[in-house]
Amino acid sequence: MSAILPFVRHSTARFVKADSVREVVSLGLVSGKNFILFGPGGHGKSEMLDAIFSNIKDASCKVQMFGEGMDEARLYGGINLKKINDPDSPAIVYHPERSFLSWDYAIFEELFDAPTMVLLSLKDTLTAACLRNGEQQFSMQTKVIACATNREPAEVASAGTAAQALIERFPLQLRVKWDSYKSEDYRQMFNQTYVAAASTLATTITNAELTQLRSRASSAHIPMDISNLLASLIASLVEKGGVVAPRTAMYARDVIKASAAINNRDVVTKEDLLTIKYLPGCEEIAAGLEKELATLEIKNKALETIGKLRTIFTELQETYQSCKSPIDFLKISKKAADLARKAAAIQVDDSLYAIREDVVTKLNLLSSQALVAATNATKTE
């Protein structure tokens, strides 16, 4: 199960090996959490973000370029010249209404290349959700900020507590890279086609629809057993020496609720917990949970198959009781033997071994009985 919005998948259909990016963006948009796509250049981070955000209708979605030339004035819409030239009370006042603070969604390109003073100011603004420039106050309207960068968040965070605090304002993080770089991977990329007309997925989404999804995610119910499991998983990470701040734990809660909403559910399930892998430090416990769920799925499929074979065995027994001719008995014998071989091939763990062997034994016994009955019926005739 993935947590990918249809319009996100469709918008990025021409990109290969991009499901993790699609999921992070979808979770960010629905949970209202900022996110970072980082890693080596050339993997389409910016292109995918442009493709996705350009398909959010009735919303302002813009790109803010960062770098060494970035300063606070440029970040916050420029300096108000009237205020700074006021002869009575000159002051540095910005035009935040012209900045990202008034956009619905923003893409920050190479954010961490900006000077330290700019990053510190941005950290304060994101923390307060408001520009606080002396007497000038301007509430941030931005719902989600996406960051695309070549730099590692951990590297940036190591610069100090202020840098770490800024990184924490982007709780969802993903290193964008391929799992392999073989000839077939590049072939897949070359041959990838983007045929929107042939797709049944939505090509766009409106800002109002995203708002409804965020509302649904906010009100999604987390059952007590899921809540307890999440708490246990986070505690286990801390016991191993990891660091999970209470704020990060709350982010995890919001992300799994967003996953439920994306999958058109009002109740969080165990599978939704897998999305915490995009929270820094939680990758290991998510991987362990994913392995556990995969094992459980195999076990459930085995149980389902064994259950069907039991039902068929009961039907064969009933048919066997009413058989009269040798041919009918031989048919029963062959079918029971075939089903016994099928049952024996089912992969099970120790908890299901005895159950599987019981079915195999009963089917083989029925096959033998039917074969004997066929021989006896032949002698009678």
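Structure first, text after, so check above.
Residues numbered from 1 in each chain as written. Predicted model: local features only at pLDDT ≥ 70, side-chain atom pairs only at ≥ 80, totals over all residues. Heavy atoms only, no water.

A. The arrangement of the overall build of the protein in detail. Counting secondary structure elements, the protein contains 15 helices and nine strands. For 381 residues, the compact-globule formula gives about 21 Å, and the C-alpha radius of gyration of the protein, at 30 Å, lies well above that figure. In terms of its C-alpha atoms, the protein occupies a principal-axis envelope of roughly 120 × 50 × 40 Å. Here the protein holds 381 residues, and the buried ones make up 44% of them. (Helix = DSSP H or I, 4+ residues; strand = E, 2+ residues; numbered from the N terminus. Rg over C-alpha atoms; globule rule 2.2 N^0.38 Å. Buried < 20%, exposed > 50% of the residue type's maximum accessible area, 1.4 Å probe, protein only.)

B. Local environment of the pattern of salt bridges. Within this structure, the stated rule accounts for 19 salt bridges. Here Asp19 ties to Arg9 by a salt bridge, and the two come within 3.2 Å at their closest N and O atoms. Of the two residues, Asp19 sits in helix α2 (residues 19–31) while Arg9 sits in helix α1 (residues 6–11), which places them 10 residues apart along the sequence. One salt bridge in this structure joins Asp338 and Arg341, with 2.2 Å as the shortest N-O distance. In this pair, Asp338 and Arg341 both sit in helix α14 (residues 326–344), three residues apart, roughly one turn of the helix. Classification of Asp338 as partly exposed rests on a relative accessible area of 29%. A cluster of three or more residues bridged by salt bridges with shared partners is formed by Arg9, Asp19 and Arg22. (Salt bridge = Lys/Arg side-chain N within 4 Å of Asp/Glu carboxyl O.)

C. Structural view of α14. Compared with the 27 Å implied by 1.5 Å per residue over 19 residues, the 27 Å span of α14 between its first and last C-alpha is a close match. Pro326, Phe329, Ile332, Ser333, Ala336, Ala337, Leu339, Ala340 and Ala343 are the residues of α14 that are buried. Projected onto a plane normal to the axis of α14, the buried residues spread over an arc of 165° and lie on a single side. Every exposed residue of α14 that faces more than 90 degrees away from the buried side is listed here: Ile327, Lys331, Lys334, Arg341 and Lys342. (Expected span 1.5 Å × (residues − 1). Arc of directions from axis to C-beta.)

D. Quick look at the environment of Gly67. Its location among the elements puts Gly67 in the loop between β3 (61–65) and α4 (72–75). Gly67 sits 44 residues away from Leu111 along the chain, and the two C-alpha atoms are 7.0 Å apart. Sequence-distant contacts of Gly67, defined by excluding residues within four places in its chain, comprise Glu110, Asp113, Ala114 and Pro115. (Contact = heavy atoms within 4.5 Å.)

E. Structural view of the packing of α2 against helix α3 (residues 45–53). Where α2 meets α3, the closest approach of the two axes is 11 Å, and the angle between their N-to-C directions is 45°. Our classification of the angle between α2 and α3 gives oblique. In the crossing of α2 with α3, the sense of the turn from one axis to the other is right-handed. On the side of α2, the interface is formed by Val21, Val25 and Leu29, while α3 contributes Met48, Leu49, Ile52 and Phe53. (Axes fitted to C-alpha atoms, helices over the stretch in contact; angles between N-to-C directions. Parallel < 35°, antiparallel > 145°, perpendicular 65-115°, else oblique. Left-handed = near helix turned anticlockwise from the far one by under 90°.)

F. Quick look at the nonpolar core. Core analysis: the largest hydrophobic core is formed by 57 residues, its most contacted members being Leu5, Leu29, Phe35, Leu49, Phe53 and Ile276. When residues of this core are assigned to their parent elements, the largest contribution, eight residues, is made by helix α12 (residues 246–262). In contact with Leu29, other than residues within four places in its own chain, are Leu5, Phe7, Val8, Ile52, Phe53, Ile56, Tyr105, Val144, Leu210 and Arg214. If you look at the next biggest cluster of nonpolar residues, it comprises 30 residues, including Tyr76, Leu101, Ala106 and Met140. (Core = buried A, V, L, I, M, F, W, Y, C linked by side-chain atoms within 4.5 Å.)

G. Quick look at the environment of Thr204. Assignment of secondary structure puts Thr204 in the loop between α9 (183–191) and β9 (205–206). Taking relative accessible area as the criterion, Thr204 reaches 30% and is therefore assigned partly exposed. Distance in space between the C-alpha atoms of Thr204 and Ser54 is 8.6 Å, their sequence separation being 150 residues. The residues touching Thr204, leaving out its near neighbours within four places in the chain, are Phe7, Asn55 and Lys57.

H. Structural context of the sheet that holds strand β8 (residues 172–175). Across the sheet, five strands lie side by side as β3-β4-β7-β1-β8; this open sheet has parallel pairing. On the outer flanks of this sheet lie β3 and β8, each paired with one strand and no other. Taking each pair of neighbouring strands and ignoring which way they run, the sheet shows an average axis angle of 15°. Here strand β1 (residues 35–38) pairs with strand β7 (residues 144–149) via four bridges, running parallel. (Pairing = 2+ DSSP bridges.)

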